[in-house]
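Here are the chains, one letter per residue:
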Protein chains: 2
Amino acid sequence: MSKKLTSRAEDYSKWYNELVVKADLAENSAVRGCMVIKPYGFAIWEKMQAELDKMFKETGHQNAYFPLFVPKSLFEAEEKNAEGFAKECAVVTHYRLQNDPDKPGKLRVDPEARLEEELVVRPTSEAIIWNTYRNWIQSYRDLPILINQWANVVRWEMRTRLFLRTAEFLWQEGHTAHATKAEAIEETKLMNGVYAKFVENFMAIPVIQGVKTESERFAGAEDTYCIEALMQDGKALQAGTSHFLGQNFAKAFDVKYATKEGKQDYVWATSWGVSTRLMGALIMTHSDDNGLVLPPNLAPYQVVIVPIYKNEEQFEAISKVAEEIISDLNDREISVKFDKRDTLRPGAKFAQHELQGVPLRIAIGPKDLENETVELARRDTLSKQTVILDRITIVIEDLLEEIQENLFNRALDFRNEHITNVETFDEFKEVLETKGGFISAHWDGTNETEEKIKELTKATIRCIPLDSKEEKGACVYSGKPSKVRVLFAKAY
Amino acid sequence: MSKKLTSRAEDYSKWYNELVVKADLAENSAVRGCMVIKPYGFAIWEKMQAELDKMFKETGHQNAYFPLFVPKSLFEAEEKNAEGFAKECAVVTHYRLQNDPDKPGKLRVDPEARLEEELVVRPTSEAIIWNTYRNWIQSYRDLPILINQWANVVRWEMRTRLFLRTAEFLWQEGHTAHATKAEAIEETKLMNGVYAKFVENFMAIPVIQGVKTESERFAGAEDTYCIEALMQDGKALQAGTSHFLGQNFAKAFDVKYATKEGKQDYVWATSWGVSTRLMGALIMTHSDDNGLVLPPNLAPYQVVIVPIYKNEEQFEAISKVAEEIISDLNDREISVKFDKRDTLRPGAKFAQHELQGVPLRIAIGPKDLENETVELARRDTLSKQTVILDRITIVIEDLLEEIQENLFNRALDFRNEHITNVETFDEFKEVLETKGGFISAHWDGTNETEEKIKELTKATIRCIPLDSKEEKGACVYSGKPSKVRVLFAKAY
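Because the structure is predicted, anything quoted here is derived from the model rather than measured.

Describing the sheet that holds strand 5 (residues 91-94) of chain A
Across the sheet, 6 strands lie side by side as 4(A)-8(A)-5(A)-5(B)-8(B)-4(B); this open sheet has antiparallel pairing. Two strands bound the open sheet, and with one partner strand each, they are strand 4 (69-71) of chain A together with strand 4 (69-71) of chain B. Between one strand and the next, the sheet's axes are offset by a mean angle of 45°, whatever the strand orientation. Of the strand pairs in this sheet, strand 5 (residues 91-94) of chain B and strand 8 (residues 114-121) of chain B are connected by 3 bridges, and their pairing is antiparallel. In the strand pairing of strand 8 of chain B, valine 92 of chain B is matched with leucine 119 of chain B.

Side note on the domain arrangement of chain A
What the domain assignment reports for chain A is domain 1 (12-286), domain 2 (301-399) and domain 3 (419-489). A straight line from the C-alpha centre of domain 2 of chain A to that of domain 3 of chain A covers 50 Å.

Here's the deal with the pairing of strand 17 (residues 303-307) of chain A
Note on strand geometry: in a regular strand, side chains alternate between the two faces of the sheet. Residues and elements named next belong to chain A. The buried count for strand 17 comes to 5 of 5 residues, which makes it a mostly enclosed element. Alternating positions in strand 17 separate into two faces, Val303, Ile305 and Pro307 on one and Val304 and Val306 on the other, with burial throughout. One ladder, built from 3 bridges, connects strand 17 with strand 18 (residues 336-338); its direction is parallel. Bridge pairing in strand 18 places valine 303 opposite valine 336. Pairing geometry for strand 17 and strand 19 (residues 360-364), over 5 bridges, is parallel.

Side note on the nonpolar core
Grouped together as the largest cluster of nonpolar side chains are 103 residues, with contacts concentrated most on Phe69 and Trp130 of chain A together with Phe69 and Trp130 of chain B. Among residues more than four places away in sequence, those in contact with phenylalanine 69 of chain A are Val92, Leu119, Val120, Val121 and Ile128 of chain A together with Val31, Cys34, Ala90, Val121, Val154 and Trp156 of chain B.

Examining the interface of chain A and chain B
Taken together, the contacts link 65 residues of chain A with 65 residues of chain B. Here chain A meets chain B over a buried area of about 5100 Å², counting both sides, of which 67% is carbon and sulfur. The interface formed by chain A and chain B holds 4 salt bridges in total. Between lysine 57 of chain B and glutamate 46 of chain A there is a salt bridge, and its shortest N-O distance comes to 3.2 Å. The interface formed by chain A and chain B includes 30 residue pairs in polar contact (both at pLDDT 80 or more).

Considerations on the UniProt feature "domain: Aminoacyl-transfer RNA synthetases class-II family profile" (unreviewed entry) in chain A
Within the UniProt annotation, "domain: Aminoacyl-transfer RNA synthetases class-II family profile" (unreviewed entry) is assigned to residues 27-295 of chain A. For the annotated span residues 27-295 of chain A, helix accounts for 29% and strand for 32% of the residues, and the straight-line distance between the end C-alpha atoms is 22 Å.

With respect to the relation of the copies chain A and chain B
Overlaying chain A on chain B yields an RMSD of 0.0 Å, the required transformation being a rotation through 180° with an accompanying axial translation of 0.0 Å. Here the transformation between the copies is reduced to the relation of a two-fold axis. If distances are taken from each C-alpha of chain A to the rotation axis, the shortest is found for valine 92 of chain A, at 2.1 Å. A high fraction, 100%, of the interface residues of chain A reappear at the interface in chain B, so the copies pair face to face through one surface.

Some details on the pattern of salt bridges
Residues and elements named next belong to chain A. Counted according to the given criterion, the structure contains 51 salt bridges over all chains. In this structure, aspartate 53 and lysine 57 form a salt bridge, with 2.7 Å as the shortest nitrogen-oxygen distance. Residue aspartate 53 and its partner lysine 57 are both found in helix 2 (residues 39-58); the two are separated by 4 residues, about one turn of the helix. Aspartate 53 sits in the buried class, given a relative accessible area of 14%. The partner of aspartate 288 in a salt bridge is arginine 379, and the shortest N-O contact between them spans 2.7 Å. A residue pair is termed long-range when its members are at least 10 positions apart, and aspartate 288 in the loop between helix 8 (277-286) and strand 17 and arginine 379 in the loop between strand 20 (373-378) and strand 21 (384-388) qualify at 91 residues. As far as the burial class goes, aspartate 288 and arginine 379 line up, both buried. Among the charged side chains, a network of salt bridges with common partners joins Lys212, Glu216, Glu228 and Arg462.

Procedures and definitions
Residues numbered from 1 in each chain as written. Chains lettered and ligands numbered in written order. Predicted model: local features only at pLDDT ≥ 70, side-chain atom pairs only at ≥ 80, totals over all residues. Heavy atoms only, no water. Pairing = 2+ DSSP bridges. Helix = DSSP H or I, 4+ residues; strand = E, 2+ residues; numbered from the N terminus. Axes fitted to C-alpha atoms, helices over the stretch in contact; angles between N-to-C directions. Domains from an automatic or database assignment. Buried < 20%, exposed > 50% of the residue type's maximum accessible area, 1.4 Å probe, protein only. Core = buried A, V, L, I, M, F, W, Y, C linked by side-chain atoms within 4.5 Å. Contact = heavy atoms within 4.5 Å. Buried area = accessible area lost by both parts, 1.4 Å probe. Salt bridge = Lys/Arg side-chain N within 4 Å of Asp/Glu carboxyl O. Polar contact = N/O pair within 3.5 Å; in protein donor to acceptor, adjacent residues only side chain to side chain. UniProt positions renumbered as here; feature names shortened; annotations may be inferred. Least-squares fit on C-alpha atoms with pLDDT ≥ 70 in both.

Quick look at the structure:
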């Protein structure tokens with residue numbers, strides 16, 4: 001299999017698909033729309049999980065686990081949520097297979113093993129969780145409940161793409177219950193902020209925090225906060241959402257609590273989630289035509305050492321040096337892999353590690369042994385330098401920080417260059433077609449205008465930024481008065 | 001809700017169910033046979049996961065993720081495996097719900113959204129994984145593949161019990177591919193050994209390593225290795241299994257590789273798993289009539305501090321001492337919780353922490369402040385001592401080790417007292433009824449005898465221990481010649 005990728009300029013979408021497969025991140029499976037996450041891709045996801053999990057725990061959340069299935073009667077209880085997910089859900093109707101009498105060696109569903117009530121494979125867990133919370137909450141003393149769950153969910157999407165939109169995906173979903181509206185809103189914002197911090201500091205992806213318009217809200221939410229990132233092709237990607245659910249689920253599942261004053265009131269809810277979709281954002285923010293580029297904070301191994309040798313004796317000498325470097329790096333908690341496979345030439349190894357985005361590559365050859373140096377290559381800039389052996393660990397330590405920072409700044413510059421203020425609809429369309437990115441424009445606040453713009457341009461309102469300032473203006477489409485700019489973009 | 005449990009002597013099974021719910025480990029959900037794992041229970045499972053995951057990685061395994069669904073045509077490919085799981089599986093037949101025309105506000109499956117091919121919710125993942133491995137393996141250079149997956153699986157069991165047997169459960173499943181039979185068998189044994197080490201060292205549960213008889217083997221395996229533990233009520237519990245799958249799945253999914261010599265050969269397979277069932281083993285090995293008893297290695301927090309005070313001033317003074325203890329304990333990586341809730345009296349807190357199995361409890365009252373002491377209570381022995389404040393961290397550090405050891409030794413003594421050699425079938429039945437536990441007896445090696453004994457006594461062969469010695473004897477049931485003793489028991 002050729003490791004050479006289609007270039008981004010040639011076909012961005014093809015480049016993405018090829019990269020995901022060739023860098024050993026994931027592949028399509030025998031199940032329509034479901035992916036296999038391969039070990040290298042999963043190792044990146046595990047690093048994301050570990051950091052997020054730590055941040056959730058630091059903000060007072062605990063993990064728990066709720067059932068995969070939602071009985072139909074619970075699924076339909078919160079009307080808007082049901083409406084939002086009913087069209088694309090996997091439904092279990094039977095609990096047994098039997099030998100097919102017409103086809104020897106084949107199985108079929110046993111018609112007598114039909115479930116009394118169908119089970120929906122969770123597309124999200126509000127229904128099953130709020131049905132459970134009803135029994136956990138009697139009084140204000142039981143609140144807040146701050147729970148997170150790491151789980152798989154299924155949404156029967158018709159058009160799927162690895163990581164970005166798959167029928168099954170992995171995610172975490174936080175589900176919290178509060179005594180007051182103010183506390184629930186605070187939680188919603190807090191977790192959106194946690195996501196922003198994680199995505200910026202660990203994934204090196206700058207994001208804009210904002211609020212969704214009504215039409216882009218989570219089904220069943222009163223308000224959806226989000227973090228929006230910009231991909232290299234000028235399309236936006238929603239990287240995480242945090243929902244203020246009001247009392248909608250509490251009312252649908254009859255979850256009341258006794259207040260300090262002894263009254264009965266419905267509980268206030270939030271939910272928030274990020275998913276394996278983040279892997280797509282990671283790829284489309286930093287990678288290049290040679291393959292994946294990983295921020296050091298998320299790389300399965302941050303450094304790879306490739307020996308270059310002609311005979312066993314040279315290999316032994318190089319290995320000795322390599323082992324010393326590894327030991328020093330491990331002491332500084334820098335992860336390193338010694339690629340001593342004898343089935344591949346150094347050039348092929350270089351290409352593979354480049355494709356897989358390893359932040360730093362050390363090459364050690366016979367000349368290096370003589371000079372007490374190594375060759376050090378950066379993945380983000382593709383630049384090389386010769387480093388004196390004595391200084392290698394300290395140089396690497398500094399470079400890893402620099403790379404993490406460089407990736408973020410590069411992405412930030414690109415993102416900032418791709419936020420364009422526009423005043424007219426012609427300008428809007430032109431910027432969208434020629435430059436892409438976020439378009440900051442006035443909007444009259446109506447669904448109709450939003451819908452019309454989407455119809456005409458495929459751009460949607462990504463969010464109303466949290467930091468937007470009040471500014472008198474006229475809607476870019478209708479000319480009606482507007483008080484604040486919103487961000488439009490085509491989106492994944 | 002009363003926290004008082006039914007005693008074990010009164011009704012062991014009722015005691016178990018009550019303990020699981022009252023100690024906040026898990027509860028039944030609205031979905032038949034599926035449980036909710038509550039935060040406290042999940043925190044224990046997380047500790048198990050973390051340690052197992054570390055051990056898997058140390059033995060060269062990587063994590064990955066494969067789809068939740070198995071298309072029927074793949075499910076049925078390995079005949080014995082299919083036969084073993086077809087009778088109890090959840091089947092997805094539709095991908096959409098629609099408004100029910102007969103019942104306003106209700107949903108029903110959309111008859112037009114029937115899947116062309118039914119999807120089985122994975123009861124185990126050999127089929128989907130070996131179908132994937134076919135594309136990953138061309139030559140001996142691609143082997144071995146050493147992959148593990150943390151996942152949920154579904155088996156439509158008719159009689160379920162929290163943790164022990166649930167329709168959905170969490171587990172890990174290792175799936176490895178090897179070039180030779182010898183290497184695959186070595187892997188099978190290695191992972192059974194990893195399980196034994198984990199369960200003994202972390203869960204403080206002594207286990208017997210052995211091999212299953214043909215009738216107790218995993219569906220599709222050539223050999224099933226296992227670890228068997230003994231519960232307090234004299235019943236055995238299979239705590240983990242490791243399967244040598246031969247070339248069965250490679251043949252069913254046509255997975256061949258080019259050998260070094262350039263020939264084509266089928267790949268050799270293993271799979272191995274432990275599940276949330278381990279939580280049941282943990283509970284039924286150590287707990288008592290007061291509730292859960294946790295080994296320090298698995299306790300969500302190893303120490304709890306309860307302040308005893310009459311006024312705010314006392315509380316402040318106690319808090320100051322508590323914070324110092326916490327800081328010292330944290331320095332030694334001992335986890336501790338300061339229970340400063342003002343909604344519960346100390347006695348109620350004591351009862352709760354006892355019920356939840358916290359290994360050590362510190363109580364600090366005004367007298368303690370005067371004397372510069374604290375009261376320290378052990379959960380495993382229910383004994384108390386007064387400890388000088390200066391010595392508290394070192395005493396705790398030692399005690400946690402002692403408790404971990406004590407729990408293991410206590411369980412080991414019990415287990416060893418409950419392995420009985422018997423020579424006649426009358427003796428067999430008597431020991432089984434009066435004493436329970438493992439019965440070590442000769443068996444003629446036939447399915448018929450095994451089946452007959454099961455029918456007459458409900459005891460099954462738990463395993464042929466790996467360390468059993470050859471010994472001439474006569475089958476306890478048929479009198480036919482036998483070379484080795486096997487272990488019988490009633491089992492969970």
